[in-house]
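Each chain, written out:
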Amino acid sequence: MSKSSRLKEILNQSNIETGHASLDTSRTLAKELFTCRSRPWEALYSLHEFIRNTGPSLPFDQYDEVSENVWVHVSAYLAPTAKLHAPAIICGGARISHASLVAGSIVGAFSTVGEFTSLKNSITFDRARLFGHNDVSFSIMGYNCYIGSGSILPSTRLDGANILFDMPEGVYISGKTTLGSVICDGARIGALCVINPGSVIDSDAVIPPMSSISGYVYPFTNAKR
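Keep in mind that this is a model prediction, so the values were computed, not measured. (Residues numbered from 1 in each chain as written. Predicted model: local features only at pLDDT ≥ 70, side-chain atom pairs only at ≥ 80, totals over all residues. Heavy atoms only, no water.)

A. Expanded view of the overall build of the protein chain. Within the protein chain, the secondary structure is distributed over 3 helices and 25 strands. Relative to its length of 225 residues, the protein chain is compact, with a C-alpha radius of gyration of 16 Å against a globular reference of 17 Å. Here the analysis covers contacts within the protein chain between residues at least 6 apart in sequence; of these, 31% occur between residues at least 24 apart. By element, 51% of the accessible surface of the protein chain is carried by carbon and sulfur atoms, the whole surface being about 10,200 Å². Charged side chains of the protein chain number 18 positive and 19 negative; the gap between the two group centres comes to 7 Å. (Helix = DSSP H or I, 4+ residues; strand = E, 2+ residues; numbered from the N terminus. Rg over C-alpha atoms; globule rule 2.2 N^0.38 Å. Contact = heavy atoms within 4.5 Å. Areas by Shrake-Rupley, 256 points an atom, 1.4 Å probe, with all protein chains shown as cover. Lys, Arg positive; Asp, Glu negative; His and termini not counted. Charge placed at Lys NZ, Arg CZ, Asp CG, Glu CD.)

Set out below in structure tokens:
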């Protein structure tokens, strides 16, 4: 499929009119959180409750409850120095690296949480990659996306105001003072970037290293710093 055809397909499927960016919700254990909401970031509002309700129903021969409300797939790798704080689910084939922290989050199948990374109150879809020294909070990382080393996704504004999502069809007021970003399927974030609260990086967009990004980035865009 050509690049232009793929872009047209994404725009047709992404339901941008209701604030959905391009996320393949079949690629996450948290699919249910997205299907009943009109905007993807709203899935984070009840993430902890979803984890606590879903964990006990996971296949007991595939997932171990390693501590209260923390479930880890038997095929996942957890470094001895990594820490998991409840509630959390680590899916099959995921890799939680040295000195990393996962708290209140779902880590998708075959995803990587690199060394010295902090992942809090977030969802990574399957095969998402955080390469290390990342700080990610209250955010969504889509299927097969890439977060370069040292990049951060903060969840609060310096002025403490409500987080706004400035989408092509209009501005959405989240009503939350703590909320991060949405990184869509296949998007690539270079090293040492800051993706500011309320940003949406749509499918296959590329953010150059050392960029500071706010707002919406279109699919296949190579954003400027």
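B. Structural context of a nonpolar patch on the surface. A cluster of nonpolar side chains, namely Leu164, Val171 and Ile173, defines an oily patch on the protein surface of about 290 Å² accessible area. Look at leucine 164 and you get partly exposed, because its relative accessible area is 37%. (Patch = residues over 30% accessible without salt bridge, like charges linked within 9 Å, V, L, I, M, F, W, Y side chains within 5 Å. Salt bridge = Lys/Arg side-chain N within 4 Å of Asp/Glu carboxyl O. Buried < 20%, exposed > 50% of the residue type's maximum accessible area, 1.4 Å probe, protein only.)

C. Region of the structure containing the environment of proline 209. Within the fold, proline 209 resides in the loop between β23 (206-207) and β24 (212-213). Remark: the alpha-carbon pair of proline 209 and alanine 191, spanning 18 residues in sequence, is separated by 4.7 Å.

D. Summary view of the pattern of salt bridges. Under the defined criterion, the tally for this structure stands at 4 salt bridges. Between arginine 27 and aspartate 24 there is a salt bridge; the shortest N-O distance is 3.6 Å. The class for aspartate 24 is partly exposed, based on a relative accessible area of 30%. Between lysine 120 and aspartate 135 there is a salt bridge, and its shortest N-O distance comes to 2.9 Å. Of this pair, lysine 120 sits in strand β10 (residues 118-120) while aspartate 135 sits in strand β13 (residues 135-137), placing them 15 residues apart in sequence. The class of lysine 120 is partly exposed, set by a relative accessible area of 24%.

E. Region of the structure containing the packing of aromatic side chains. Within this structure, the stated rule accounts for 5 aromatic pairs. Ring centres of tryptophan 41 and tyrosine 172 lie 5.7 Å apart, and the angle between their planes is 65 degrees; on these two criteria the pair is classed as edge-to-face. In this pair, tryptophan 41 sits in the loop between α2 (31-35) and α3 (47-54) while tyrosine 172 sits in strand β18 (residues 170-173), placing the two residues 131 residues apart along the sequence. When its relative accessible area of 2% is taken as the criterion, tryptophan 41 is described as buried. With a centroid separation of 4.8 Å and 85 degrees between ring planes, the pair formed by tyrosine 216 and tyrosine 218 is classed as edge-to-face. (Phe/Tyr/Trp six-rings, centres within 6.5 Å; stacked < 30°, edge-to-face > 60°.)

F. Fine view of the sheet that holds strand β12 (residues 129-130). Taken together, 7 strands build an open sheet; the order of strands is β3-β6-β9-β12-β15-β20-β23 and the sheet is parallel. The open sheet has two free edges, formed respectively by β3 (77-78) and β23, since each of these has just one partner strand. Sheet topology places β3 next to strand β6 (residues 95-96); 2 bridges connect them, and they run parallel. Opposite tyrosine 77, over in β6, you have arginine 95 as the bridge partner. (Pairing = 2+ DSSP bridges.)

G. Highlighting α3. Every buried residue of α3 is accounted for by Leu47, Phe50, Ile51 and Thr54. The buried residues of α3 occupy one face: seen down the axis, they fall within an arc of 100 degrees. Exposed side chains of α3 directed beyond 90 degrees from the buried face belong to Glu49 and Asn53. On the buried face of α3, the contacting elements are α2, β2 (70-73), β5 (88-90), β8 (106-107) and β11 (123-124). (Arc of directions from axis to C-beta.)

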